[in-house]
Amino acid sequence: MNELIYTVAFYIFAAITVAAAFGVVTKSNLVHSALLLALCFIGVSGLYVLLQADFLAAVQILIYNGAIAIVFVLGTMLTRRSQRHGTNDTEVNIPSRVVTLVSGLFVVVTLGVIATTPWHYSSSVIVEDTPSLLAQLILTDYMVVMEAAAVLLLAAMIGAIVLAKGVEE
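Just so it is clear, the structure is predicted and the values come from calculations on it, not from any experiment.

**Student:** Got a minute to help me understand the overall build of the protein chain in this structure?
**Tutor:** Each helix and strand counted, the protein chain has 6 helices and 0 strands in total. Helices and strands appear in the protein chain in the N-to-C order α-α-α-α-α-α. Relative to its 169 residues, the protein chain shows a buried fraction of 15%. Once local pairs closer than 6 in sequence are excluded, the contacts in the protein chain between residues at least 24 apart make up 57%. Surface exposure of the protein chain reaches about 13,300 Å², of which carbon and sulfur atoms provide 73%.

**Student:** Where do I start with the packing of helix α1 (residues 2-26) against helix α2 (residues 30-50) in this structure?
**Tutor:** How two helices pack is summed up by the angle between their axes together with the distance between the axes. Relative to each other, α1 and α2 sit at 155°, their axes nearing to 8 Å. Taken as axis vectors, α1 and α2 run roughly antiparallel relative to one another. In this structure, α1 crosses over α2, and the sense of that crossing is left-handed. Between α1 and α2, the residues in contact are Y6, A9, F10, F13, A14, I16, T17, A20, A21, G23 and V24 and S33, L36, L37, L39, C40, G43, V44, G46, L47 and L50, respectively. Of the residues belonging to the contact of α1 with α2, the class tally is 16 nonpolar, 5 polar and no charged.

**Student:** Explanation requested: the confidence of the model for the protein chain in the structure shown.
**Tutor:** Close inspection of predicted coordinates is inappropriate for parts of the model with low pLDDT. Here the protein chain averages 80 in pLDDT, and 82% of its residues register 70 or above. The secondary-structure element of the protein chain with the lowest mean pLDDT is helix α4 (residues 94-116), recorded at 80, while α1 shows the highest, at 89.

**Student:** What's the story with the packing of aromatic side chains in this structure? I'm lost.
**Tutor:** Centre distance and the angle of the planes are the two values used to describe a pair of aromatic rings. Tallying each qualifying case throughout the model produces 2 aromatic pairs. Relative to Y11, the ring of F10 has its centre 5.4 Å away and its plane inclined at 65°; by these criteria the two rings are edge-to-face.

**Student:** Looking at this structure, how should I read the UniProt feature "transmembrane region" (unreviewed entry) in the protein chain?
**Tutor:** Sites flagged by UniProt as "transmembrane region" (unreviewed entry) map to residues 6-26, 33-51, 57-78, 98-122 and 142-164. Structurally, residues 6-26 comprises 100% helix and 0% strand, and the distance from its first C-alpha atom to its last is 30 Å. This span, residues 142-164, is 96% helix and 0% strand, and a straight line between its end C-alpha atoms measures 33 Å.

**Student:** I'm lost on the environment of T140 in this one. Help?
**Tutor:** Following the sequence through the fold, T140 ends up in helix α5 (residues 130-141). Given the relative accessible area of 44%, T140 is considered partly exposed. At 2.4 Å, the side chain of T140 forms a polar contact with the backbone oxygen of Q136.

**Student:** For this particular structure, what's the right way to read the packing of α2 against helix α3 (residues 54-78)?
**Tutor:** Running from N to C, α2 and α3 cross one another at 180°; their axes reach a closest spacing of 9 Å. When the interaxial angle is binned, α2 and α3 end up roughly antiparallel. Across from L30, V31, A34, L35, L37, A38, F41, I42, V44, S45, Y48 and V49 in α2, the residues of α3 making contact are L56, A57, Q60, I61, Y64, N65, A69, F72, V73, T76 and M77.

**Student:** Help me understand unusual backbone geometry in this model?
**Tutor:** Trans peptide bonds make up most of the peptide bonds, and negative phi angles are found at most residues other than glycine. The backbone phi angle of Q52 is positive, close to 60°, even though this residue is not glycine. Looking at the secondary structure, you find Q52 in the loop between α2 and α3. With a relative accessible area of 41%, Q52 lands in the partly exposed category.

Reading the values: rules and limits
- Residue indices begin from 1 for each chain and proceed along its sequence in written order.
- Local features are withheld for residues below a pLDDT of 70 in this predicted model, meaning they are given only at 70 or higher, and side-chain atom pairs are given and counted only at 80 or more; totals for whole chains, interfaces and linings count all residues.
- Side-chain calculation: all heavy atoms of the structure are included, whereas hydrogens and water are not.
- In this description a helix means any DSSP run of H or I spanning at least four residues, a strand means any run of E spanning at least two, and both kinds are numbered starting from the N terminus.
- Only protein chains enter the accessibility calculation, which uses a 1.4 Å probe; a residue is then buried when its area is under 20% of its type maximum, exposed when over 50%, and partly exposed in between.
- Contacts are assigned to residue pairs that have any heavy atoms within 4.5 Å of one another.
- Throughout, the Shrake-Rupley method with a 1.4 Å probe supplies accessible areas, and for residues the shown protein chains are the sole cover considered.
- Helix axes use the C-alpha atoms of the stretch in contact, all axes being lines fitted to C-alpha atoms, and the angles between their N-to-C directions lie in the range 0 to 180 degrees.
- Orientation categories follow fixed angle ranges, with anything under 35 degrees roughly parallel, anything over 145 roughly antiparallel, 65 to 115 roughly perpendicular, and all other angles oblique.
- Here a crossing is taken to be left-handed if its near helix is turned anticlockwise relative to the far helix by less than a right angle, and right-handed if that turn runs clockwise.
- All amino acids are sorted into three groups, where Ala, Val, Leu, Ile, Met, Phe, Trp, Tyr, Cys and Pro are nonpolar, Asp, Glu, Lys and Arg are charged, and the leftover types, Gly among them, are polar.
- The pLDDT value expresses, per residue, how confident the predictor is, ranging between 0 and 100.
- Within 6.5 Å between ring centres, the rings of Phe, Tyr and Trp (the latter by its six-membered ring) count as paired, and their orientation is classed by plane angle as stacked under 30 degrees, edge-to-face over 60, tilted in between.
- UniProt positions are given in the numbering used here, feature names are shortened, and annotations may be inferred rather than shown by experiment.
- Between N or O atoms, a polar contact is any pair within 3.5 Å; within protein, one atom must be a potential hydrogen donor and the other a potential acceptor, and residues adjacent in sequence are included only when both atoms are from side chains.

As C-alpha cells, then:
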C-alpha cells in the first residue's frame with residue numbers, strides 16, 4: 001500500500017509540473033507564465049520530497065520559488081508597459097509549432113523507453129542527513145567541478161553586465 005501511495009503522489013506531482021511547464025510556454029500573458037513557473041517549481045520540490053532529498057526540496061522552495069519566481073512576477077508587474085497582452089505571443093510563430101512537435105516526439109520516445117525498461121529498486125541505505133553528505137561530496141569529490149561552475153557563472157555575470165551597460169567603441 002505504501003508503494004501505491006508513492007506512485008500516486010509521483011504521478012500527481014509529475015502532472016502538476018508538466019502541466020505548469022506547458023502553461024509557461026503557451027500562455028500569452030507574461031504574468032500568468034511567471035506564476036505557472038512558480039507552480040512548476042513547487043511540483044519539482046514535491047518530486048524531490050518523494051526522492052527523499054529533503055535538502056533539495058527545501059532549497060527548491062526557498063530559493064527558486066521564494067526568490068526567483070517572485071522576482072519574475074514582481075519584475076513583470078513593475079515594468080512600465082501600456083499594454084501587457086500579447087507580451088509572450090507565440091501563436092503566430094512557426095518555430096513554436098516545431099518546438100511543440102519535437103517536444104511531443106520527445107515525450108513519446110521517453111514514455112516508450114520508460115515502458116520497456118525493467119526498473120529495479122535500489123537496495124542502498126536511505127541517507128538520513130543529506131546536507132552533510134552533499135557538503136562532503138561538494139567539498140571533496142566534486143570540488144574542481146564546483147569551482148569550474150563558479151568561474152563559468154562569474155564569466156556569464158560579467159558578460160551580462162557588459163551587455164547591459166553597453167560597450168563604448
